[in-house]
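Here's the letter readout for the chains.
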There are 2 protein chains.
Amino acid sequence: MPDCLFCKIVHREIPADIVCESEHALAFRDISPVAPTHVLVIPKKHIATANDISPEDKDVIGELYLLAQKVIEIEGLISSGHRLVMNVGAGGGQSVFHIHLHVIGGRSLSWPPG
Amino acid sequence: MPDCLFCKIVHREIPADIVCESEHALAFRDISPVAPTHVLVIPKKHIATANDISPEDKDVIGELYLLAQKVIEIEGLISSGHRLVMNVGAGGGQSVFHIHLHVIGGRSLSWPPG
């Protein structure tokens, strides 16, 4: 999507603090972190919201979770616990309409999650 | 897993307020809801934490998101937005060690998510 901020990061047209990547997913640091570790894991394919995930995308959604594992390993957070969050729609707090999994860790996390 | 609460729900050995299900996933209401809609979507297969997801599980993780879409449709929340949350490890707020995606909606959601 030509006007999508995250597609531009995927295509290296906009800089980002990239943590790691896999064939179909990319992980980079959130520019407004809410915790010592706050990384976004996105599919390289443009999917606007979680409501737009189609059956053919199942694999890439799983790949987001595998790449999140790698982020947690890199950050040294395997044993400390973390939270994975996806906001859906403006009412859910989604600000960029290219799905992204927030990987949040490195501090205590309260409940409820917002 | 014989001692897993959520495996028992999958096998209908413990009652739960089931919302919908698919071949490999099940959705039921959280017994301690933090929002008007608070549903847990789990894989029927036992996976302890998000750190234990293996490459062969990619598809089932995607299926959790497809079933979450169905929950949102049933709850009439497609246009209002919602949040999908997975706690990982005790430090991340995970209390049952069978992965579950919290589908939270029906009220405004603040940031950060805990």
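Refer to the structure presented above.
All of the points below concern the structure found in this document. (Residues numbered from 1 in each chain as written. Chains lettered and ligands numbered in written order. Predicted model: local features only at pLDDT ≥ 70, side-chain atom pairs only at ≥ 80, totals over all residues. Heavy atoms only, no water.)

## A few points about the overall build of chain A
Going by this rule: Every helix listed is a DSSP run of H or I at least four residues long, and every strand listed is a run of E at least two residues long, numbered separately from the N terminus. Computation of the radius of gyration draws on C-alpha atoms alone. For the globule rule, the value is 2.2 Å times the number of residues to the power 0.38. Partly exposed describes any residue whose relative accessible area lies between the buried limit of under 20% and the exposed limit of over 50%, with all areas from a 1.4 Å probe on protein chains only and scaled to the type maximum. Should any heavy atoms of two residues lie within 4.5 Å, those residues are considered in contact. Reported accessibility uses the Shrake-Rupley method at a 1.4 Å probe radius. Residues are deemed covered only where the shown protein chains occlude them. In this count, Lys and Arg are taken as positive residues and Asp and Glu as negative ones, while His and the chain termini are left out. For charged residues, the charge sits on one atom: NZ in Lys, CZ in Arg, CG in Asp, CD in Glu.
Scanning chain A for helices and strands turns up two helices and five strands. When the elements of chain A are put in sequence order from the N terminus, they spell out α-β-β-β-α-β-β. In terms of C-alpha radius of gyration, chain A reaches 14 Å, essentially the compact-globule figure of 13 Å for 114 residues. Principal axes of the C-alpha set define a box for chain A whose edges measure 35 × 30 × 25 Å. The buried share of chain A, taken over its 114 residues, is 55%. When contacts within chain A are restricted to residue pairs at least 6 apart in sequence, those whose partners lie at least 24 apart make up 55%. When the accessible surface of chain A is totalled, it reaches about 4,900 Å², and 55% of it is carbon and sulfur. With 9 positive and 13 negative side-chain charges, chain A shows a separation of 4 Å between the mean positions of the two kinds.

## Observations concerning the packing of aromatic side chains
Residue and element names in this part refer to chain A. How we decide: Aromatic rings from Phe, Tyr and Trp, taking only the six-membered ring of Trp, are treated as a pair when their centres fall within 6.5 Å; an angle between ring planes under 30 degrees marks them as stacked, one over 60 as edge-to-face, and anything in between as tilted.
All told, the structure shown has three aromatic pairs over all chains when counted by the stated rule. Aromatic side chains F6 and F28 sit 5.3 Å apart centroid to centroid with 75 degrees between the ring planes, which places their arrangement in the edge-to-face category. Of this pair, F6 sits in helix α1 (residues 5-10) while F28 sits in strand β2 (residues 25-29); the two residues are 22 residues apart in sequence, bridging distant segments of the chain. The same class applies to F6 as to F28, namely buried.

## Thoughts on the sheet that holds strand β3 (residues 37-43) of chain B
For sheets, the rule is that strands pair by backbone hydrogen bonds, running either parallel or antiparallel. Rule in force here: Strands were regarded as paired on the criterion that DSSP finds at least two bridges between them. A fitted line through C-alpha atoms represents every axis, and for helices the fit uses only the stretch in contact; the resulting angles, taken between N-to-C directions, go from 0 to 180 degrees.
Spatial strand order, β1(A)-β2(A)-β3(A)-β5(A)-β4(A)-β4(B)-β5(B)-β3(B)-β2(B)-β1(B): ten strands in an open sheet with antiparallel pairing. Only two strands of the sheet have a single partner each, and these edge strands are β1 (18-21) of chain A together with β1 (18-21) of chain B. For this sheet, the mean inter-axis angle between neighbouring strands, taken without regard to orientation, is 20 degrees. Two elements, β3(B) and strand β5 (residues 101-105) of chain B, share five bridges in a ladder whose sense is antiparallel. In the strand pairing of β5(B), T37(B) is matched with G105(B).

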